[in-house]
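# Secondary and tertiary structure notes
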Amino acid sequence: GGTHRIGVLCVPLFVFGAFVSNIPFGHYIPKWYLSGLFMNTAFHFLKGALLSYQSLPQEYWKGYRVVSLQYVVTLSAIGISIFTSPANAIFAGMVLSVSIFLVQSAQLSPVVNVVMGNRVVSRTKRPSWEMQALRREGHRIMLLYLQGQLFFGSARKLVSVLDAALAGEEVRYCILSFAQ
């Protein structure tokens, strides 16, 4: 195998040149050799996919460790590709992954913490007159520290937290912080 940079560059250039030249290499390369290459590639892909549960984050349900939902998506895609077509497997995997993302993101609250402006100090060095103004008027500033993805599923929870936080307060400014 080409481990040097020149070897890594020459192999793709050679393959690209072979495809562009339109020479029918399939007629000259034995079918058993091509099928062996495809079988080897498929074996390594399946081995990596089936053992991918080891690198996925652990999930627990009612105190028991269960496999990750992404691993279930992988197994589903493999099964669908075996019995139908790879295009159906890709489509099903995308639909399942997006569904899992939407459900998990909608369950999490986008707000990590709510702090009033007079109870937090930024890392920015400020002149003394600004610090006095922040101490005096800081109760009118509210900081919401956010986490995760903000989309239509979690926006409703964000709005309800904002409504609850602003009720009965004389807050004039609201700062949404995505920094973590």
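Scroll up to find the structure.
Note that residues are indexed from 1 along each chain, following the sequence as it is written. In view of the model being predicted, local features appear only for residues whose pLDDT reaches at least 70, and side-chain atom pairs are presented and counted only at 80 or more, with totals across whole chains, interfaces and linings using the full set of residues. Only hydrogens and water are set aside; all other atoms, that is, all heavy atoms of the structure, feed into the side-chain values.

## Comments concerning helix α6 (residues 152–166)
- A run of H or I in DSSP becomes a helix once it reaches four residues, and a run of E becomes a strand once it reaches two; helices and strands are each numbered from the N terminus. Expected span of a helix, by definition, is 1.5 Å for each gap between consecutive residues, and there is one gap fewer than residues. Between its terminal C-alpha atoms α6 stretches 21 Å, which fits the 21 Å expected from 15 residues at 1.5 Å a residue.
- Think of it in three bands: residues with accessible area under 20% of the maximum for their type are buried, residues over 50% are exposed, and the middle band is partly exposed, with areas taken using a 1.4 Å probe on protein chains only. Of the positions making up α6, those classed as buried are G153, S154, L158, L162 and A165. The buried residues of α6 occupy an angular sector of 160 degrees when the element is viewed end-on, so they sit on one face. The outward face of α6, more than 90 degrees from its buried face, is lined by the exposed residues F152, R156, D163 and A164.
- Residue contacts are defined here by distance: any two heavy atoms, one from each residue, within 4.5 Å place the two residues in contact. Each element contacted by the buried residues of α6 is listed here: α4 (86–107), β3 (111–116), β4 (141–146) and β5 (173–177). It is the directions from the helix axis to the C-beta atoms that the arc portrays.

## Here we look at the pattern of salt bridges
- We define a salt bridge as a side-chain nitrogen of Lys or Arg found within 4 Å of a carboxyl oxygen belonging to Asp or Glu. Enumeration according to the criterion identifies three salt bridges in this entry.
- Residue E137 pairs with R140 through a salt bridge whose shortest N-O separation is 3.2 Å.
- By relative accessible area, which is 31% here, E137 ends up partly exposed.
- The exposure class of R140 is partly exposed, given its relative accessible area of 25%.
- Here the salt bridges do not stand alone but share partners, grouping R136, E137 and R140 into one network.

## Let's talk about the packing of aromatic side chains
- Ring pairs shown here join Phe, Tyr and Trp side chains whose ring centres sit within 6.5 Å, with only the six-membered ring taken for Trp; geometry is labelled stacked below 30 degrees between planes, edge-to-face above 60, and tilted in between. Tallied over the entire structure, the rule returns two aromatic pairs.
- Between W32 and Y33, the ring centres sit 6.1 Å apart and the planes meet at 90 degrees, which makes this aromatic pair edge-to-face.
- Residue class for W32 comes out exposed when judged on its relative accessible area of 64%.
- With a centroid separation of 5.5 Å and 65 degrees between ring planes, the pair formed by Y53 and Y71 is classed as edge-to-face. Highlighted residues: Y53 in the loop between α2 (31–50) and β1 (59–61) and Y71 in helix α3 (residues 69–83), separated in sequence by 18 residues.
- According to the relative accessible area criterion, Y53 is partly exposed, its value standing at 37%.
- Classification of Y71 by relative accessible area gives buried; the value is 10%.

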